[in-house]
Amino acid sequence: MYKVIKDNKIIAVLETNTVVGLNYDTIEQDTEHTTADYDQYNGEYLLKSKIPAPTKEEQSAKREQAYIAETDPIQTHIDRLKDGEQTPEIIAEIEALRAERDEKIAAIKERYPYTEE
Amino acid sequence: MKIPYFCCIGAELKRYAKDFDFMNQVYLYKVPADDTIEEVLAQDYFQAVADTVLQDDIVYIYEPTTEMLYTCHFNKQNGHITAEQMSNNIPSLTPDKILISDATGHITAGDVSLDYIKNQLLAKVNIDGSSIMTGPLKFKAGSFSGAIAGGLGDGISIYKLKADGSIDSEVASLTKTNGFTPGTTNAQNIGSPTLKWKDAHVARVIAAVLNNGYDIAVPVTNGPDTLALKSEVDTAANSGRMITDQGVWYAKMYSASTVPTGAEYDGTNYADFSQTDGDGNPVIKIYTGASGAWTLTDTITPPAEYDGYVPITSKIWDIVEQTNQQGGRILWNHQSKEFTPYPNIVDLSKVATTDMDNLTSTGQNISNWSSNVSNCITNIPQDIKLELSAGTLTLKAGSKLYMPNGVDTFDVITVASDLTIDGGSGSFSGSGTLYYHYTNSSLAWYASSADSSGTTPPSTSNFYNTSTNTVYRYRNDVQGAQLSFPLAHITVTNDVITSIDQVFNGFGYIGSTVFVLPGVKGLIPNGRNADGTLKNKYSYNSTTVKTITPTNGARCICLSPYSAYADAPLANDFYYDKTKNMNCRTSDGVQREYAVCGTFTQTNSGITNFTVKTVFHALDYNDTEYIPHQAMPSGRGIDLTLGASGASYTAPADGYIYLNKTASAVNQIITIINDDNGMRVSDTSVTASGWIATYLPVSKGQSIRITYTAGGTTNTFQFIYANGAQ
């Protein structure tokens, strides 16, 4: 693989040494790693092992965004159903939505774990 | 025998002298009455006369008793004088009178008074403008005898004389026709190392060798009292006088051996004209002063001639730009290796009045108004005439085809009657290449993906063998029909020819080989004329087919004026300098005499993006459909390399940056920012896995920055060329 260097930062990791359009200083071959060993972090590519774990505040913020996008609509749906007549069908639907919401919450927590946990 | 008088002309005898105050070096002498002629001769009266190297027979002696006239002869070898009797039949003379001869040596008057002699001498030698001396003026100084003679041509000459008074050699002459010239070439100096002329005011100096071939040490202080070389240009600049109504350029020259110091050092240049390239051709090395050292910054190969001269760029001289000026010029002559610096104001705002009457829609006959047109194609023969109708492709009668048929051999085939072909059968969809089937005298098309070139044919291919200069169809390693060069690229959809995509008139390619057909003409930029209009070298691609098989890279198709060859340099190896009107090499700015005809990309799998310029034609402002169309996105694009968020990019041409990524979560964003003008566009994901895409128009060379949080795959990151962009 090849590392594309600009201002002493790795700005791209490529399978070939062909770069088009991107401004760079040098291209270096890395025979010890693959592109899968790298990931972006703060505008550069670092070995995944070198990427610091996200803080709890960072993960919490990401969870919050995910909740807003993924679970809040379900909760809103549940709240709307609860405001109406509680027929067996409605109750069943609410339970289904709750289950779906809880699955998403769990998935979000798994996606953005707290290192302390 | 008594000798009362004699006359001597031109001597400086002081003995017995009776000076006439009206004329230098003319004396009348009276001999003592008791001296005989033998005594006169013996007493060396005439020794000094001999020293003057006068003409023979200049002195006459009259003996009154016998009334005999004697002529004295000088023996220039021994200085002796002998007397010879001339006549005894001459009039009597009084003691105050003397005989005098005319120019032929004959006695013309027998009774001449001293006043008469005086008047005669005045008439011959007076230099107050009232008389003209016709004979040569001879003189002797030490051992050197010389003469100044007029009446030779249209001036006077200075001669060195032999001992006998005849001409030895010409020293110099001053004539109306040739001016002040030496008697022999390259042998005499003006002044000497210790005796120098002060100022020389000459309009122009042309020297075969300057300073005996050594460097000229030129003072670098640009003060009016210290300039050793001062040109009319410099004078004009120092005085502020305008050489032309456009203003003033002036140049300062620094010698190769004298290093300026101080403020005049940095940023100045000097040129070394003494060097040659590997082929022995003259090159000019340009050195630039910076931070206390001279650094070689440029090597200029003097370009082609113009009236025996070529213009040299301002890099050779420290050209000092005056207000509102555009350029200067120095002339260099290849053959004589001489350069002539002088200001040549080039006002780029001027546009010559040119004859546009010959302009046609196809650009024909533009050579005589090309002073405003350059770096373009002026003619592409439209030899291949194709028509597509209802899936049937027709090659019209009269079409002219080229078939490589052996080394350096190209058969020209003129189609006698229309040839047709359709999409065939086989459920093919894709790009096809049209050929002329030599064996069957028919048309044939094959999948373009099978086109190739080189020295070893692939198993199944339409193969141009660069060694044998032939095209054959191969199938399962079996050589089949001989083919022409490709005629066109077409699109076939489910066995139906649906479009003609590119006709190879003038230019075409097969596999990795570009071919240029006869008759292509172009204008090769070659600087500017004195009035600022464009100067060209007219390129003509001769009558032969040219082929090029370059290595990988983004390349240009170029025509050269010499030997009509075609070339395919890397596109970034040179650039077009609009100010100079020259294609220049990127590495050193040296002119490349190319007409750029198109572009293509060479890859391991062959040529792609093959684009040829159209023949030049003028742009009509009223063509409101065509003009805005040039700025719209075309179907041509190149994949870009997406770097980390925040990385920057440079637009390769006028066009559009387009990014399409997949989000890995909602609210992820992509943003394209033009750092040159602040324009930015963004797109945000509204789902956890949807596509987000945006684009931004950019101009060539602008700096683009892309930030993104989208964590999914990059679906498309491309630069899309504008229609009018190359």
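For clarity, every value in this text was computed on a predicted model and none was experimentally measured.

*Asks:* Can you lay out the nonpolar core for me, pointing to particular residues and giving the numbers?
*Replies:* In this structure, A:Leu22, B:Tyr649, B:Ile657, B:Ile706, B:Phe717 and B:Phe719 are the most contacted members of the largest nonpolar core, which totals 36 residues. When residues of this core are traced back to their parent elements, those giving at least two are β1 (2–6), β2 (9–14) and β5 (44–47) of chain A together with β49 (655–662), β50 (669–674), β52 (691–698), β53 (703–708) and β54 (714–722) of chain B. Examining the composition of this core, we find that five residues originate from one element, β2(A), more than from any other. Those residues in contact with B:Tyr649 that lie beyond four places of it in its chain are A:Gly21, A:Leu22, A:Asn23, B:Thr641, B:Leu642, B:Gly643, B:Gln702, B:Ser703, B:Ile704, B:Ile706 and B:Phe717. With 31 residues, the next largest nonpolar core counts B:Tyr446, B:Phe485, B:Ile557 and B:Ile607 among its residues.

*Asks:* Tell me what's going on with the interface of chain B and chain A, and back it up with residues and numbers.
*Replies:* Listed per partner, the contact involves 16 residues of chain B and 16 residues of chain A. Taking both sides of the interface into account, the surface hidden between chain B and chain A amounts to around 1,200 Å²; carbon and sulfur atoms contribute 54%. In this structure, the connection of chain B to chain A is made through eight residue pairs in polar contact (both at pLDDT 80 or more). Secondary structure elements with two or more residues in the side of chain B that touches chain A: β47 (633–639) and β48 (648–650) of chain B. By residue class, the composition of the side of chain B that touches chain A is nine nonpolar, six polar and one charged.

*Asks:* Summarise the pattern of salt bridges; cite the residues concerned and give the values.
*Replies:* Summed over all chains, the structure comprises eight salt bridges over all chains. In this structure, A:Glu70 and A:Arg111 form a salt bridge, with 3.0 Å as the shortest nitrogen-oxygen distance. Taken together, the residues span a long stretch of sequence, with A:Glu70 in helix α1 (residues 56–82) and A:Arg111 in helix α2 (residues 88–111) at a distance of 41 residues. Judged by relative accessible area, A:Glu70 falls into the buried class, the value being 15%. For A:Asp102, the salt bridge goes to A:Arg101, with nearest N and O atoms at 3.3 Å. The structure contains a network of salt bridges with shared partners spanning B:Glu387, B:Lys396 and B:Asp418.

*Asks:* Hey, could you go over the packing of α1(A) against α2(A) for me, with residue numbers and the actual values?
*Replies:* Each pair of packed helices can be described by the angle between their axes along with the distance between the axes. All names here are of chain A. Close contact between α1 and α2 brings their axes to 9 Å; oriented N to C, the two are set at 180°. By the angle between their directions, the pair α1 and α2 is classed as roughly antiparallel. Across the interface between the two elements, Gln59, Arg63, Ala66, Tyr67, Glu70, Thr71, Ile74, Gln75, His77, Ile78, Leu81 and Lys82 from α1 touch Ile90, Glu93, Ile94, Leu97, Arg98, Glu100, Arg101, Lys104, Ile105, Ile108, Lys109 and Arg111 from α2.

*Asks:* Explain the packing of aromatic side chains residue by residue, including any values.
*Replies:* Residues and elements named next belong to chain B. What the rule picks out here adds up to 15 aromatic pairs over all chains. Here Phe504 and Tyr509 contribute two aromatic rings whose centre-to-centre distance is 5.5 Å and whose plane-to-plane angle is 55°, an arrangement assigned as tilted. Accessibility assignment for this pair places Phe504 and Tyr509 in one class, buried. Each ring, one from Phe574 and one from Tyr594, has its centre 5.5 Å from the other, and the planes form 55°; the classification is tilted. Of the two residues, Phe574 is situated in strand β43 (residues 574–577) and Tyr594 in the loop between β44 (582–585) and β45 (595–603); the sequence distance between them amounts to 20 residues. In terms of burial, Phe574 and Tyr594 fall into one category: buried. These aromatic residues form a ring-pair network of at least three members: Phe410, Tyr464, Phe485, Phe504, Tyr509, Phe515, Phe600 and Phe610.

*Asks:* So what's going on with the pairing of strand β12 (residues 167–175) of chain B? Residues and values would help.
*Replies:* All names here are of chain B. Relative to β12, strand β11 (residues 155–161) is paired through seven bridges, and the arrangement is antiparallel. Across the sheet, the residue bridging to Tyr159 is Glu170, located in β12. Counted between consecutive antiparallel strands, the loop separating β11 from β12 contains five residues, among which Gly165 sits at a positive phi close to 90°. Between β12 and strand β13 (residues 179–182), which pair antiparallel and follow one another directly, the connecting turn spans three residues.

What counts, and at which threshold
- Residues numbered from 1 in each chain as written.
- Chains lettered and ligands numbered in written order.
- Predicted model: local features only at pLDDT ≥ 70, side-chain atom pairs only at ≥ 80, totals over all residues.
- Heavy atoms only, no water.
- Core = buried A, V, L, I, M, F, W, Y, C linked by side-chain atoms within 4.5 Å.
- Buried < 20%, exposed > 50% of the residue type's maximum accessible area, 1.4 Å probe, protein only.
- Helix = DSSP H or I, 4+ residues; strand = E, 2+ residues; numbered from the N terminus.
- Contact = heavy atoms within 4.5 Å.
- Buried area = accessible area lost by both parts, 1.4 Å probe.
- Polar contact = N/O pair within 3.5 Å; in protein donor to acceptor, adjacent residues only side chain to side chain.
- Nonpolar A, V, L, I, M, F, W, Y, C, P; charged D, E, K, R; others polar.
- Salt bridge = Lys/Arg side-chain N within 4 Å of Asp/Glu carboxyl O.
- Axes fitted to C-alpha atoms, helices over the stretch in contact; angles between N-to-C directions.
- Parallel < 35°, antiparallel > 145°, perpendicular 65-115°, else oblique.
- Phe/Tyr/Trp six-rings, centres within 6.5 Å; stacked < 30°, edge-to-face > 60°.
- Pairing = 2+ DSSP bridges.

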